[in-house]
Amino acid sequence: MLPRSREDGALGNGTVWVQEYILETDGLTKEFRGFVAVSDVSLRIRRGTIHGLIGPNGAGKTTCFNLLTKFMQPSRGSIRYDGQDITRTPPAEVARMGLVRSFQISAVFPHLTVLENVRVALQRQRGGSFDFWRSDSVLRQYDDRAMALLADVGLTSYAGAPAGTLPYGRKRALEIATTLALEPTLMLLDEPTAGMTHEDVDRIVALVRRVAQGRTVLMVEHNLKVVEGLCDAITVLTRGKVLAEGPYAEVSRNPAVIAAYLGSDPGVSGASQEAAHA
């Protein structure tokens, strides 16, 4: 069993302990009219790591993400983020606390430029208003920071292009830039390499590794080569429950995990088997 978080506090010599785990769940459960999508899930995400959440199709990964980011309320269980209980905290407030997610489906403003998309995210710093009616001179105060974020994700040359014209892989990079604009402490990435070419996958892997410096990343990902190369630890879900957790090299040799991915478990679909070999 993993150790519990250490409480924040200052020691007599001036040393400050911080919590070892930035995100914890206990007995997290979500039921839909008798169907249990997530069952008694207890996660421990270490601060400053990249943690993968994997499993066959229908394992409950996206539902788990929706619970963690408060787009759904759990039927039972609790969620603690950075030492605070956020089980009933609204999603906007959770995002302001630094827990920010991307989505599996591309979510950019297609008719705005790439720069304007990032600027919209940066405007969140002004409070509750996005200031669409403000003059260009007011909005352009965000341009330097927006361009810096675009440089971080390799999109400087696309700044003036309509976001809807970007190739798919570049749109995902733009989503990561807009996520970074919200200054996350913990980034949740939902299948960041889904549907990409090998070239795009390599680019996004390098990008995730770069932006993970100084923050924590929790990611759902089907491409196990990506998981192996990026993640410090992984949690395997199947049928809404935690099947295994630990370093990839250890978990990938777990007979129960092998059985689930290779289809010995009758609940695993053919698509999931293909994903296991991706």
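A few points on the structure. Please read these numbers as outputs of a predicted model, since none were measured by experiment. The residue count restarts for each chain, going from 1 along the sequence in the order it is written. With pLDDT at 70 or above as the cut-off, local features in this predicted model cover only qualifying residues; side-chain atom pairs require 80 or more to be listed or tallied, and sums for whole chains, interfaces and linings still use all residues. Each side-chain value is worked out from all heavy atoms of the structure, with water and hydrogens disregarded.

It is worth spelling out the pairing of strand 4 (residues 35–41) at this point. Any two strands between which DSSP finds at least two bridges are classified as paired. Secondary structure elements are taken from DSSP: a helix is a run of H or I of four residues or more, a strand is a run of E of two residues or more, and numbering for both begins at the N terminus. Sheet topology note: the strand 3 (residues 21–32)/strand 4 ladder contains 4 bridges and is antiparallel. Paired with K30 across the two strands is V38, which belongs to strand 4. Hairpin connection from strand 3 to strand 4: 2 residues lie between these consecutive antiparallel strands, with R33 at a positive phi of about 50°.

This part takes up the packing of helix 3 (residues 114–122) against helix 5 (residues 143–152). At a minimum axis distance of 9 Å, the contact between helix 3 and helix 5 shows a crossing angle of 115°. Relative to helix 5, the element helix 3 is oriented roughly perpendicular. In this structure, the crossing between helix 3 and helix 5 has a hand that is right-handed. Packed against helix 3, whose contacting residues are V114, L115, V118, R119 and L122, the element helix 5 presents D143, R145, A146, M147, L149 and L150 at the interface. Here the contact of helix 3 with helix 5 is composed, by residue class, of 8 nonpolar, no polar and 3 charged. All axes are obtained by fitting lines to C-alpha atoms, using only the stretch in contact for helices, and the reported angles, taken between N-to-C directions, cover 0 to 180 degrees. We call two directions roughly parallel when the angle between them is under 35 degrees, roughly antiparallel when it is over 145, roughly perpendicular when it lies between 65 and 115, and oblique otherwise. Definitions for this section: a left-handed crossing has its near helix turned counterclockwise from the far helix by less than a right angle. A right-handed crossing has that turn clockwise. Note on contacts: a residue pair qualifies if any of its non-hydrogen atoms lie within 4.5 Å across the two residues. Ten residue types, Ala, Val, Leu, Ile, Met, Phe, Trp, Tyr, Cys and Pro, are classed as nonpolar, four, Asp, Glu, Lys and Arg, as charged, and the remainder, Gly among them, as polar.

The strand order 9-10-11-6-12-13 describes an open sheet built from 6 strands, whose pairing is mixed. The open sheet has two edge strands with one neighbour each: strand 9 (99–101) and strand 13 (241–246). Sheet twist, expressed as the average angle between the axes of neighbouring strands with direction ignored, equals 15°. Two strands pair when backbone bridges link them, and strand 9 and strand 10 (residues 186–190) are joined in this way by 3 bridges, in the parallel orientation. Paired with L99 across the two strands is L186, which belongs to strand 10.

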